[in-house]
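Listed below, chain by chain, are the residues.
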Amino acid sequence: MTQASDQHDATRYLERAVKLAVRNVADGGGPFGALVVTADGRVHEGINRVTRDNDPTAHAEVVAIRAAAAATANFDLHGAVLYTSCEPCPLCLASALWARIDRVYFAADRHGAAAAGFDDAVFYDYFNGTRPDLLPVAQTEVPTADLPFEAWRSNAKRTNY
């Protein structure tokens, strides 16, 4: 595939993600839409369902990743591309990494989201290390802490991921 056709596909899929986002707003949801196009060319849609489902993890990208994984019956989405109406937040980027998605394209950026009242930018500050006060995290040593990993290592029937 040429760079020009890659750009054409990206534009086409991003426009579709934006339309999903606009329709989701009209339906009472958040202004985010996403598509995962798997290696076999199938398209899996996701819309922001945070307020609809009372699920803070139901971002459009996560919903699309869940749909793709369920449809392919595989948690490993190597070869897939994520197209999203807005720059993915840290949750969505982490989800794409865990899903082994190959590439991400987005339309609007985090500054546009911030101007619309979404606070993703502060989360980026947290992960950059400039706002550790947002969520204090501390390890507390427990003698049994390694037992789950020992069980994992000794389980010959485990599915590695």
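Above this text you will find the structure in question.
A brief structural summary. What you are looking at is a predicted structure, and each value in this text was computed from that prediction instead of being measured. (Residues numbered from 1 in each chain as written. Predicted model: local features only at pLDDT ≥ 70, side-chain atom pairs only at ≥ 80, totals over all residues. Heavy atoms only, no water.)

## Digging into the pairing of strand β4 (residues 103–108)
Note: strand β3 (residues 81–86) against β4, 5 bridges, orientation parallel. If you follow threonine 84 over to β4, its bridge partner there is phenylalanine 106. Once you follow β3 into helix α4 (residues 90–98) and on to β4, the crossover reads as right-handed. (Pairing = 2+ DSSP bridges. Helix = DSSP H or I, 4+ residues; strand = E, 2+ residues; numbered from the N terminus. Right-handed = clockwise from strand over helix to strand, strands pointing away.)

## Let's talk about helix α3 (residues 60–72)
Between the first and last C-alpha of α3 there are 18 Å, a value that for 13 residues agrees with the 18 Å anticipated at 1.5 Å per step. Here α3 has its buried residues at Ala60, Glu61, Val62, Val63, Ala64, Ile65, Ala68 and Ala69. The elements touched by buried residues of α3 are β1 (33–37), β2 (43–47), β3 and α4. One or two residues past the end of α3 sits alanine 73, with phi positive at roughly 55°. (Expected span 1.5 Å × (residues − 1). Buried < 20%, exposed > 50% of the residue type's maximum accessible area, 1.4 Å probe, protein only. Contact = heavy atoms within 4.5 Å.)

## Comments concerning the packing of aromatic side chains
Summed over the entire model, instances satisfying the criterion amount to 7 aromatic pairs. Here phenylalanine 75 and tyrosine 161 contribute two aromatic rings whose centre-to-centre distance is 6.1 Å and whose plane-to-plane angle is 80°, an arrangement assigned as edge-to-face. Linking phenylalanine 75 in the loop between α3 and β3 with tyrosine 161 in the segment after α7 (147–154), this pair joins segments that are 86 residues apart in sequence. Given a relative accessible area of 65%, tyrosine 161 falls into the exposed group. (Phe/Tyr/Trp six-rings, centres within 6.5 Å; stacked < 30°, edge-to-face > 60°.)

## Here's the deal with the packing of α3 against α4
As a packed pair, α3 and α4 sit with axes 8 Å apart at the nearest point and diverge in direction by 20°. Compared by their axis directions, α3 and α4 come out roughly parallel. α4 is crossed by α3, and the crossing has left-handed handedness. Within the contact between the two elements, α3 uses Glu61, Val62 and Ile65 and α4 uses Leu91, Cys92, Ser95 and Ala96. Partitioning the contact of α3 with α4 into residue classes produces 5 nonpolar, 1 polar and 1 charged. (Axes fitted to C-alpha atoms, helices over the stretch in contact; angles between N-to-C directions. Parallel < 35°, antiparallel > 145°, perpendicular 65-115°, else oblique. Left-handed = near helix turned anticlockwise from the far one by under 90°. Nonpolar A, V, L, I, M, F, W, Y, C, P; charged D, E, K, R; others polar.)

Just geometry here; none of it tells us what the structure is for.
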